[in-house]
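Below are the chains, spelled out letter by letter.
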Amino acid sequence: MAERANVTSTEVLEDFRNQLIIYVSKARPALEEVSADALRARLWLENDQRVFLEGRIRRLTKELEMAQAALFSAKLGNLRDETAAEVMVVHRAKRSLEEAENKLRILKHWNREFEGRVQPLVKQMEKLHTLLSHDMVRAIASLNETMNKLAAYAQAKPPGVAGSGSPPAGPGGAPASGNAAGQGGQAA
């Protein structure tokens, strides 16, 4: 028969299991936070920022139209000349509108690029999250089971070693003899 393993301590397994529990408890929330950040960024690009820039373009377009109308009225009306301030307002409104339209173009570009650049990384994070949520939890349970089995094994006595191999000790620590006459012959 094989020799008995010398299991003296399961502390290393317990320490590893405890560190694994700590790692999983910290890594899962971090991954969930990063996934949520990626989702928020996508929604910000697709909705919030797009709606903001489109509204700004509409407002700036109206401001440009009003400035151009004021400048046109000044040119048509021979009563007064166009002022430098009216021309400057038109130019400023054009620049602001062009800037907002450029930002919207950039936003649309990054909205298209976002999926291609971020989605592969998000899929990798989802795989890691699955590993942490399922596989690591099963690994922790397996470590618990292994530690329990090793502890039970360390507590168990090897077969055939019920005693020490010497006769059981009698009163006073002397070996007891199997002779009943030696014990009962003196009492009378």
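These numbers come from a predicted model, not from an experiment.

A count of helical and extended segments in the protein gives three helices and zero strands. Across the protein, helices and strands are ordered from the amino to the carboxyl terminus as α-α-α. Here the contacts in the protein between residues at least 6 apart in sequence split such that 77% fall between residues at least 24 apart. Accessible surface, the protein: about 14300 Å² in total, of which carbon and sulfur atoms supply 58%.

By size, the foremost hydrophobic cluster in this structure holds 14 residues, and its most contacted members are I57, L64, V90, L97, L104 and L107. Excluding residues within four positions of it along the chain, L64 makes contact with V90, A93, K94 and L97. Membership of the second largest hydrophobic core comes to seven residues, among which are L31, A38, M125 and L132.

Moving on, we come to the confidence of the model for the protein. Model confidence for the protein is summarised by a mean pLDDT of 81, while 78% of its residues fall at 70 or above. In the model, residues 173–188 has pLDDT below 50 throughout and makes nine contacts with residues more than four positions away in sequence or in other chains.

Turning our attention to helix α2 (residues 84–155). With 72 residues, α2 ought to run about 106 Å at 1.5 Å a step, and its terminal C-alpha atoms sit 98 Å apart, in line with that. Of all the bends in α2, the largest measures some 35° and sits at V118, one to four residues before the proline P120.

When you line up the elements, Q49 lands in helix α1 (residues 11–76). Residue class for Q49 comes out buried when judged on its relative accessible area of 19%. Ignoring any residue separated from it by four or fewer positions in sequence, one finds Q49 in contact with W44 and L107.

The next point concerns the packing of α1 against α2. Describing two packed helices takes the angle between their axes plus the distance from one axis to the other. As a packed pair, α1 and α2 sit with axes 7 Å apart at the nearest point and diverge in direction by 165°. As the angle between them shows, α1 and α2 are arranged roughly antiparallel. Along this stretch, α1 crosses α2, giving a crossing that reads as left-handed.

With that settled, the discussion passes to α1. Owing to its 3.6 residues per turn, the α-helix brings residues three or four apart onto one side. For α1, which comprises 66 residues, the first-to-last C-alpha distance of 94 Å matches the rise-based estimate of 98 Å (1.5 Å per residue) to within 8%. At W44, α1 shows its strongest bend, of approximately 45°.

Under the criterion given, the structure shown has nine salt bridges. If you follow the salt bridges from partner to partner, you end up with R42, E46 and E115 in one network.

This part covers the environment of R28. Considering the arrangement of structural elements, one finds R28 in helix α1. Taking the C-alpha atoms as reference points, R28 and S133, separated by 105 residues in sequence, lie 7.4 Å from one another.

The rules behind each value
Residues numbered from 1 in each chain as written. Predicted model: local features only at pLDDT ≥ 70, side-chain atom pairs only at ≥ 80, totals over all residues. Heavy atoms only, no water. Helix = DSSP H or I, 4+ residues; strand = E, 2+ residues; numbered from the N terminus. Contact = heavy atoms within 4.5 Å. Areas by Shrake-Rupley, 256 points an atom, 1.4 Å probe, with all protein chains shown as cover. Core = buried A, V, L, I, M, F, W, Y, C linked by side-chain atoms within 4.5 Å. Buried < 20%, exposed > 50% of the residue type's maximum accessible area, 1.4 Å probe, protein only. pLDDT = per-residue confidence, 0-100. Expected span 1.5 Å × (residues − 1). Bend = angle between axes of the 7 residues up to and from the residue. Axes fitted to C-alpha atoms, helices over the stretch in contact; angles between N-to-C directions. Parallel < 35°, antiparallel > 145°, perpendicular 65-115°, else oblique. Left-handed = near helix turned anticlockwise from the far one by under 90°. Salt bridge = Lys/Arg side-chain N within 4 Å of Asp/Glu carboxyl O.

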